[in-house]
Amino acid sequence: MNTQLKDKITKEPRIRTTQDFHEQRVNQGRNVGLINLGCARNLVDSQAILGRLKKNGHRIVDINKADIAIVNTCAFIEEAKKESIDTILDLIELKNQGKIKKVIVAGCLAQRYAKELAAEFKEVDAFIGTPQLDKERVPEQVYLTPQHYAYVKICESCFNQCSFCAIPKIKGKFSSRTIESVLAEIKQLDERGVKEINIIGQDITAYGMDIYREKSLAKLLKAIIPVTKNIQWIRLLYAFPAHVTDELIDVMANEEKICKYIDLPLQHISDPILKNMNRGITTQGTIDLLDKIRTKIPQGSLRTTFIVGLPGENEKHFEELLNFVKSVQFERVGVFVYSKEEGTAACDMPAQVLDKIKKKRLDILMREQQKISKSVQERFLGRRLKILIDEKQRDTEGVYLGRSEYDAPEVDGLVYVHSQHKLNPGDFVDTIVTDAYEYDLVTEAVF
Ligand code: SF4
């Protein structure tokens, strides 16, 4: 190999785009396995990576049977980065044992730290950044979700510059798919017998602001409904509070197929902290929005997330958040401790909060929410509830696991369904709620 090329390779990390990777056309028909880390948006990227590999003649196999192992990484917060690094090390270990031939690192960690990773992990064969969202065409995908539900990513990245978040830096410019492209994918999913679609993005409420120059999620939903025959549930995940419109709330309230489930990460409630977070909404703005949603969708389930310990957060700000959670009684809540991310505005802010205080605030908030969640679940006792069956409970006859329209896959509670009749994944069944726990419900199927 000539010295120039050698220099080039050693100097420049082996970063390739998914395009490069697929066009390499070497060793057609390899066994490829993939480990997906992080959020549902990453899962859709993994499905697209596998879809193109399959189209290029590779066989998609379980990671234990793979020649080429891909890990699609997450780099959102410290914890996620650690999990990604651990997985890379595991794959390198398998390669050193000769169990796999190539290790490919994809996703947000590779996008964000390509140079550092290449210097650190010489055993890795390629680093693939995060794929560009194809606005027009329906991506070839190998679906990694069970047959009866799917995630549909309608846009990538976001306009918002929340001070604690590195995602816009990782994912680049905000980008929406065309309505035609989304409808084409949903028609395909409907024909495949999918029953539930989860609409995702970093900020789905900004959908269309780039290509249609206006917030177009409500318009998109109105176009989706008529093309759904098998699909019974359309769930919206990752709405940005400052971008929720009255039109969107009306469509959610009036369209039966749209789950009465609102995933609305608020992150905080105290004005000085919302300002520090650059969330583009105030305490009063948040309260008004929640009042509107509760009024128009009274039976709706509100999911949200909060970050405790952002720089500048003091006991008074935290008390305000705790009292807010007690008064709103959210149905579903996730709480994170602030994670210092280099390159974000909050990283250099003064008054960084000690880890032990962050942890204490997280525990207090989660304990309070656990009590609220129990009382929320108990309100379902004796009520009729339509359940989508996900699977049969292992080793227990006549018991199945499912979800109501108030439970998103993988993040919310489970519903245990006792049934005299055999049920299959993807079946909808009417049930009566017989028992309630903090996060899960027990029901009896009624035929
Ligand atoms: S809305 Fe804020 S937190 Fe969410 S991806 Fe965008 S910048 Fe990050």
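Computed from a predicted model, the values in this text were never measured in an experiment.

Q: Could you give an account of the packing of aromatic side chains, naming the residues involved and the relevant values?
A: Tallied over the entire structure, the rule returns eight aromatic pairs. Centre to centre, the rings of F306 and F324 are 6.3 Å apart; their planes meet at 85°, and the pair counts as edge-to-face. Of the two residues, F306 is situated in strand β13 (residues 301–308) and F324 in helix α12 (residues 315–328); the sequence distance between them amounts to 18 residues. According to the relative accessible area criterion, F306 is buried, its value standing at 0%. Note that K386 overlies the ring of F428, its terminal NZ or CZ placed 4.7 Å from the centroid. Against the face of Y149 rests R403, its NZ or CZ located 5.1 Å from the ring centre.

Q: Please set out the pairing of strand β19 (residues 441–445) residue by residue, giving values where relevant.
A: The buried fraction of β19 is high, at four of five residues. With four bridges joining them, strand β17 (residues 415–418) and β19 adopt parallel strand pairing. Across the sheet, residue H418 finds its bridge partner in β19, namely E444. With five bridges connecting them, strand β18 (residues 428–436) and β19 associate as antiparallel partners. Note on β19: the bridge partner recorded for I432 is E444. Here β18 folds back onto β19, and the loop between the two strands holds four residues.

Q: Report on the state of the cysteines, specifying residues and quantitative values.
A: In protein structure, a disulfide is the covalent linkage between the sulfur atoms of two cysteines. Counted by the stated rule, this structure contains zero disulfides. Sulfur of C74: no disulfide; nearest cysteine sulfur belongs to C108 and is 6.1 Å away. Residue class for C74 comes out buried when judged on its relative accessible area of 13%. Considering cysteine sulfurs only, C158 is the nearest to C155, which forms no disulfide, with 9.0 Å between them. According to the relative accessible area criterion, C155 is buried, its value standing at 0%.

Q: Mind laying out the sheet that holds strand β12 (residues 258–263), listing which residues take part and the relevant values?
A: If you walk across this open sheet you meet the six strands as β7-β10-β11-β12-β13-β14, and the pairing is parallel. Each end of this open sheet is capped by a strand with a single partner; those strands are β7 (149–153) and β14 (332–337). Direction aside, the axes of adjacent strands within the sheet are offset by 20° on average. Relative to β12, strand β11 (residues 233–236) runs parallel, the two being bridged by two bridges. Its bridge partner lying in β12, L236 is registered against I262. Relative to the sheet, helix α7 (residues 179–191) contacts β7 and β10 (196–200), its axis offset from that of β7 by approximately 170°.

Q: Tell me about the pattern of salt bridges, residues and numbers included.
A: Inspection of the entire model under this criterion finds 30 salt bridges. The shortest N-O distance in the salt bridge between E78 and K81 comes to 3.5 Å. Here E78 and its partner K81 are both found in helix α4 (residues 78–96), three residues apart, which amounts to about one turn of the helix. Ionic pairing is found between R294 and E331, a salt bridge with its closest N-O pair at 3.2 Å. Residue R294 is located in helix α11 (residues 283–296), and its partner E331 is located in the loop between α12 and β14; the two are separated by 37 residues in the primary sequence. Given a relative accessible area of 26%, R294 falls into the partly exposed group. Residue E331 is classed as buried on the basis of its relative accessible area of 10%. Three or more residues joined by partner-sharing salt bridges are found here, namely D45, K153, E156 and K171.

The rules behind these values
- Residues numbered from 1 in each chain as written.
- Predicted model: local features only at pLDDT ≥ 70, side-chain atom pairs only at ≥ 80, totals over all residues.
- Heavy atoms only, no water.
- Phe/Tyr/Trp six-rings, centres within 6.5 Å; stacked < 30°, edge-to-face > 60°.
- Helix = DSSP H or I, 4+ residues; strand = E, 2+ residues; numbered from the N terminus.
- Buried < 20%, exposed > 50% of the residue type's maximum accessible area, 1.4 Å probe, protein only.
- Lys NZ or Arg CZ within 6 Å of the ring centre and 35° of its normal.
- Pairing = 2+ DSSP bridges.
- Disulfide = S-S within 2.5 Å.
- Axes fitted to C-alpha atoms, helices over the stretch in contact; angles between N-to-C directions.
- Contact = heavy atoms within 4.5 Å.
- Salt bridge = Lys/Arg side-chain N within 4 Å of Asp/Glu carboxyl O.

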